[in-house]
Amino acid sequence: MEATQTTQTTQPEARPIPPEEVPVALTAKAVEMVKITRQQEGLDETHGLRVAVRGGGCSGFEYALDYESEARPNDIVYEQEGLTVYVDGVSARYLRGTSIDYQMGMAGAGFKFHNPNAAGSCGCGSSFTV
């Protein structure tokens, strides 16, 4: 009988991170809205939130939110109020200290980023410059 070797890859699990190392903090309302929209899209609780920065937008960079169920290499993975949050290492540099809120008002509703690293932003609120 021949022995076989299996290789099992493990995903980094969400872990407690000291507040000073968390690149993005979500308000309770933002977490609630992510969970609601996740359910509306038919995704289960294994899907967390990926927060990223990409090139583009009218100011040079734009924020990106998406659902994610697996960590990628160099991700920072942590849990906030029962929601797994994924942030890649490059985005974390631009997002460090950022808070995300969900606001509703006369002009509409949506996620609002408060990024202390942004030197400027445009009127849409989803792009910024450093």
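For the structure itself, look to the data block above.
Here, residues in each chain are numbered from 1, in the same order as that chain's written sequence. Residues qualify for local features only when their pLDDT is at least 70, as the model is predicted, and side-chain atom pairs are given and counted only at 80 or more; totals for whole chains, interfaces and linings, by contrast, use all residues. In computing side-chain properties, one takes all heavy atoms of the structure into account and sets aside hydrogens as well as water.

Right, let's get into the environment of Leu-26. Secondary structure follows DSSP: runs of H or I at least 4 residues long count as helices, runs of E at least 2 residues long count as strands, and numbering of each begins at the N terminus. In this structure, Leu-26 sits in strand E1 (residues 24-26). A 1.4 Å probe rolled over the protein chains alone gives each residue an accessible area, and that area as a share of the maximum for its type sets the label: buried under 20%, exposed over 50%, partly exposed in between. Since its relative accessible area comes to 5%, Leu-26 is described here as buried. Sequence-wise, Leu-26 and Leu-83 are 57 residues apart; in three dimensions their C-alpha atoms are separated by 9.9 Å. Contact criterion: two residues are considered in contact whenever any of their non-hydrogen atoms come within 4.5 Å of each other. Filtering out sequence-adjacent residues up to four positions away, Leu-26 remains in contact with Val-31, Val-34, Leu-49, Gln-80, Leu-83, Val-85 and Ile-100.

Let's shift gears to the pairing of strand E6 (residues 98-105). Sheet topology places E1 next to E6; three bridges connect them, and they run parallel. Across the sheet, residue Ala-25 finds its bridge partner in E6, namely Ser-99. For two strands to be treated as a pair, DSSP must find at least two bridges joining them. Looking at chain direction, E6 and strand E7 (residues 108-114) are connected through seven bridges and run antiparallel. Note on E7: the bridge partner recorded for Tyr-102 is Phe-111. In sequence, E6 turns back onto E7 through a hairpin of two residues.

What follows deals with unusual backbone geometry. Phi is positive for Asn-74, close to 70°, though the residue is something other than glycine. Tracing the sequence through the fold places Asn-74 in the loop between strand E3 (60-68) and strand E4 (75-80). We classify Asn-74 as exposed; its relative accessible area is 67%. Positive phi, close to 50°, is recorded for Glu-81, a residue that is not glycine. Residue position: Glu-81 is located in the loop between E4 and strand E5 (83-88).

Let us look at the nonpolar core. Among buried residues, those of type Ala, Val, Leu, Ile, Met, Phe, Trp, Tyr and Cys that are joined through side-chain atoms within 4.5 Å constitute a nonpolar core. Counting 22 residues, the largest nonpolar core has Val-24, Leu-26, Val-51, Tyr-78, Val-87, Leu-95 and Ile-100 as the members making the most contacts within it. Contributions of two or more residues to this core are made by E1, helix H1 (28-40), strand E2 (48-56), E3, E5, helix H2 (89-95) and E6. Tallying contributions element by element places H1 first for this core, with four residues. If we skip the residues at most four places from it in the chain, Val-24 touches Val-51, Tyr-78, Gln-80, Val-87, Leu-95, Thr-98 and Ile-100.

We now examine the side chain of Arg-38. Its place among the elements puts Arg-38 in helix H1. For the purpose of charge, His is not counted, nor are the chain termini; Lys and Arg are scored as positive and Asp and Glu as negative. Salt bridge, as applied in this entry: a Lys or Arg side-chain nitrogen positioned within 4 Å of an Asp or Glu carboxyl oxygen. Summary of buried charges: Arg-38 has no salt-bridge partner, and the nearest side chain of opposite charge, Glu-45, is 5.0 Å away. Apart from residues no more than four positions distant in its own chain, Arg-38 is found in contact with Leu-43, Asp-44, Glu-45, His-47, Tyr-67 and Leu-83.

This part is about the sheet that holds E7. Taken in spatial order, the three strands line up as E1-E6-E7 in an open sheet, and their pairing is mixed. A strand with exactly one partner marks an edge of an open sheet, and here the two such strands are E1 and E7. Here the strands of the sheet are splayed against their neighbours by 25° on average, with no regard to which way each runs. Packed on one face of the sheet, H1 meets E1, E6 and E7 and runs near 75° to E6. For helices, the axis comes from a line fit to the C-alpha atoms of the stretch in contact; other axes are also lines fit to C-alpha atoms, and the angle between any two N-to-C directions lies between 0 and 180 degrees.

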